[in-house]
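If you want the building blocks of each chain, they are given just below.
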Amino acid sequence: MSLGIARCGSDPNLEGARLDLRNKDYDRALENIAKAVEKDPNNSEALLLKGEILRAVVLETPGAEDRAALVEEMAFAFRRSVVIDPLKAVEAKQHLDMAYLQEFNDGFDAYNRAQHVSHEDKGHAFKEAAQLFRNAAVIYPDSISAYMNEASAYYSGGLLAEAVETYEAALSLGHRGRQVYVYLTRVMDLMAQQVADDVLRANLYERAARVLAQGLEHHAEDIELRDMLLNFYALADKPEEALAFFSAQYENKRDDKVFMYNYGTLLLAAQDYPAAIQKLEAAVRLDPSYTKARFNLGAALINEGVSVAADYNALTDSLDSLRGSAPSSIIRRMEARLETLSQRRQQLFYGAIDHLEVAKGLAAEALEEPRDICRALFRAYGHTDQRSKADAVMECAALD
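Residues numbered from 1 in each chain as written. Predicted model: local features only at pLDDT ≥ 70, side-chain atom pairs only at ≥ 80, totals over all residues. Heavy atoms only, no water.

A. Molecular detail of the overall build of the chain. Looking only at helices and strands, the chain has 18 helices and 0 strands in total. Judged by the C-alpha coordinates and their principal axes, the chain covers about 130 × 45 × 35 Å. Counting across all 400 residues of the chain, residues that qualify as buried make up 44%. Expressed as a percentage of contacts within the chain between residues at least 6 apart in sequence, the contacts between residues at least 24 apart total 59%. (Helix = DSSP H or I, 4+ residues; strand = E, 2+ residues; numbered from the N terminus. Buried < 20%, exposed > 50% of the residue type's maximum accessible area, 1.4 Å probe, protein only. Contact = heavy atoms within 4.5 Å.)

Below you can see the structure in the form of structure tokens.
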């Protein structure tokens, strides 16, 4: 008797869909569900069952791209059923958990297979793996692992633009882990290296710098992100933005030797030698064995010395032309100024020599290449008329 009697108040289309699901007649099951939902768009039971049917269809659909639309529709059906009836949350989550794990694990399997296919097939194979991870992310958008693995699959398949798009999608959804910023900008860097157009390359470097600046808003103490930002500002030829960034950070970073070195190096590149000297001297005070800081400090001192020497020569020429015609008081002031410039010039060049000689010794201890240090020393010895010492570093400087 009970076999022919439906439950009181049940929808025959819903009951038919359940039977079709058991019989694996998914097309008919979905037709019945569509009729049930058409009658009552807020039928949470029908939407939950629709999710189950679509999950079964996904399991029997081999292609990742073919699965994509099905996964999206499935996830929506489960979530919609919970919105209508929160009591469905536990059951819907169980289904979503299993569906997520299925896509994620299939993505790993596809990734492993892609590593062993022929070179010409790798792009397609890794794209298949990436799509499976994307399907997992559709089920659970909060899963940063799905996005990271998707981007990694694109990267491994040489699909760099797709990898960038995936990392950017993760950021747009609120994922703020430092690795997202690191990996995204590294892929942008690789893309830039492969671009022939100078404008496009500079645009990529500028985009990377903006990404890292945003990353530092969430990871203010991250030294790696800060150093990467400095590098991309330089690659994008954006010294003003870089200087503004370091200026804003300066008061809180006075005791950070790497920050002071980077700031001083940036000022050196901007030819602001007095400011560069100040920052690089601070870096050396914080770490006297900081070879790079001593080398750049030596370079800044030499460049400032050359600038002072130019002022000295110009004043000398002016003084020679005025002797015999200008008042003696003016001549005396000019001579006093000349003496000050001469002392300052010597101070700068000898100061550069002190730091460069220490840097050369530190480089030797670390078995590092000293050529650039020796070339700077050659210049400084030349400016101080120390010919024998200049000759002594010629071989080290690789000068003919």
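B. Focus on the layout of surface pockets. One number sums up the size of the largest pocket: a volume of about 190 Å³. Lining the largest pocket we find Leu 230, Asn 231, Tyr 233, Ala 234, Asp 237, Lys 238, Pro 239, Asn 262, Thr 265, Leu 266, Ala 269 and Ala 270. (1 Å grid on protein atoms, 1.4 Å probe; cavity = no way out; pocket = protein on both sides within 12 Å on 5 of 7 lines; lining within 4 Å. Points joined across faces, edges and corners; volume = space filled by probe spheres on them.)

C. Spatial organisation of the environment of Val 258. You can see Val 258 is positioned in helix H13 (residues 257–269). In the structure, Val 258 is positioned 183 residues away from Ala 75 in sequence and 48 Å away in space, judged by C-alpha atoms. Setting aside residues no more than four positions away along its own chain, Val 258 makes contact with Ile 223, Arg 226, Asp 227 and Tyr 290.

D. Structural context of the packing of helix H14 (residues 273–286) against helix H15 (residues 291–322). One way to put it is that H14 packs onto H15 with a least axis distance of 9 Å and a crossing angle of 155°. Put simply, H14 runs roughly antiparallel to H15. Both H14 and H15 take part in a crossing whose hand is left-handed. Packed against H14, whose contacting residues are Tyr 273, Pro 274, Ala 276, Ile 277, Leu 280, Glu 281, Ala 283 and Val 284, the element H15 presents Ala 293, Arg 294, Asn 296, Leu 297, Ala 300, Leu 301, Asn 303 and Glu 304 at the interface. Considering only residue class, the contact of H14 with H15 consists of 11 nonpolar, 2 polar and 3 charged. (Axes fitted to C-alpha atoms, helices over the stretch in contact; angles between N-to-C directions. Parallel < 35°, antiparallel > 145°, perpendicular 65-115°, else oblique. Left-handed = near helix turned anticlockwise from the far one by under 90°. Nonpolar A, V, L, I, M, F, W, Y, C, P; charged D, E, K, R; others polar.)

E. Examining the packing of aromatic side chains more closely. Under the definition given, this model contains 14 aromatic pairs. Between the aromatic rings of Phe 246 and Tyr 263, the centroid separation amounts to 5.5 Å while the plane-to-plane angle is 25°, which identifies the pairing as stacked. In this pair, Phe 246 sits in helix H12 (residues 239–249) while Tyr 263 sits in helix H13, placing the two residues 17 residues apart along the sequence. Judged by relative accessible area, Tyr 263 falls into the buried class, the value being 9%. Through successive ring pairs, a cluster of aromatic residues spans Tyr 100, Phe 104, Phe 108, Phe 133 and Tyr 140. For Lys 279, the ring lying beneath its charged end belongs to Tyr 250, and the centroid distance is 5.1 Å. Here the basic side chain of Lys 279 rests over the ring of Tyr 263, its NZ or CZ set 5.1 Å away from the ring centre. (Phe/Tyr/Trp six-rings, centres within 6.5 Å; stacked < 30°, edge-to-face > 60°. Lys NZ or Arg CZ within 6 Å of the ring centre and 35° of its normal.)

F. Quick look at the environment of Ser 321. Here Ser 321 lies in helix H15. Taking relative accessible area as the criterion, Ser 321 reaches 53% and is therefore assigned exposed.

G. Seen up close, the pattern of salt bridges. Across all of its chains, the model carries 24 salt bridges by this definition. Note that Lys 50 is salt-bridged to Glu 73, the shortest N-O span being 3.1 Å. With Lys 50 in helix H3 (residues 44–59) and Glu 73 in helix H4 (residues 64–84), this residue pair connects regions lying 23 residues apart in the sequence. Of the charged contacts, one joins Glu 168 and Arg 207 as a salt bridge, the two residues approaching to 2.8 Å between their closest N and O atoms. Taken together, the residues span a long stretch of sequence, with Glu 168 in helix H8 (residues 160–172) and Arg 207 in helix H10 (residues 198–218) at a distance of 39 residues. The exposure class assigned to Glu 168 is partly exposed, which follows from its relative accessible area of 32%. What makes Arg 207 partly exposed here is its relative accessible area of 29%. Shared partners join several salt bridges into a network, and the residues in it are Glu 15, Arg 18, Glu 45, Asp 85 and Lys 88. (Salt bridge = Lys/Arg side-chain N within 4 Å of Asp/Glu carboxyl O.)

H. A look at the packing of H13 against H14. Look at H13 against H14: their axes get within 8 Å of each other, and the N-to-C directions meet at 160°. Comparing their axes, H14 and H13 come out roughly antiparallel. Along this stretch, H13 crosses H14, giving a crossing that reads as left-handed. The segment H13 lies against H14, with Lys 257, Met 260, Tyr 261, Tyr 263, Gly 264, Thr 265, Leu 267 and Leu 268 engaging Tyr 273, Ala 275, Ala 276, Lys 279, Leu 280, Ala 282, Ala 283 and Leu 286. Its residues placed into classes, the contact of H13 with H14 shows 12 nonpolar, 2 polar and 2 charged.

I. Up close: H14. Counted at 1.5 Å a residue, the expected span for H14 with its 14 residues is 20 Å, and the 20 Å between its end C-alpha atoms agrees. Within the sequence span of H14, burial applies to Tyr 273, Ala 275, Ala 276, Ile 277, Lys 279, Leu 280, Ala 282, Ala 283 and Val 284. Contact partners of the buried residues in H14: H13, H15 and helix H16 (328–365). (Expected span 1.5 Å × (residues − 1).)

J. Layout of the state of the cysteines. Taken as a whole and judged by the stated rule, the model has 1 disulfide. Put simply, Cys 374 and Cys 396 are joined by a disulfide, and their sulfur atoms are 1.7 Å apart. On the sign convention where negative means left-handed, the S-S torsion of about 65° between Cys 374 and Cys 396 marks this disulfide as right-handed. Separated by 22 residues along the polypeptide, Cys 374 in helix H17 (residues 371–383) and Cys 396 in the segment after helix H18 (387–392) bring together distant segments of the chain. We classify Cys 374 as buried; its relative accessible area is 0%. (Disulfide = S-S within 2.5 Å.)

K. Examining unusual backbone geometry more closely. Look at Lys 24: it is not a glycine, yet its phi comes out positive at around 60°. Examined against the element boundaries, Lys 24 turns out to sit in the loop between helix H1 (12–22) and helix H2 (26–39). With a phi angle near 55°, Asp 237 is a residue other than glycine that sits in the positive phi range.

L. View of the environment of Phe 104. Tracing the backbone shows Phe 104 in helix H5 (residues 89–114). On a C-alpha basis, the gap between Phe 104 and Leu 132 in space is 6.6 Å, while along the polypeptide they are 28 residues apart. Leaving out residues up to four positions away in the same chain, Phe 104 has contacts with Phe 133, Ala 136, Ser 145, Ala 146 and Asn 149.

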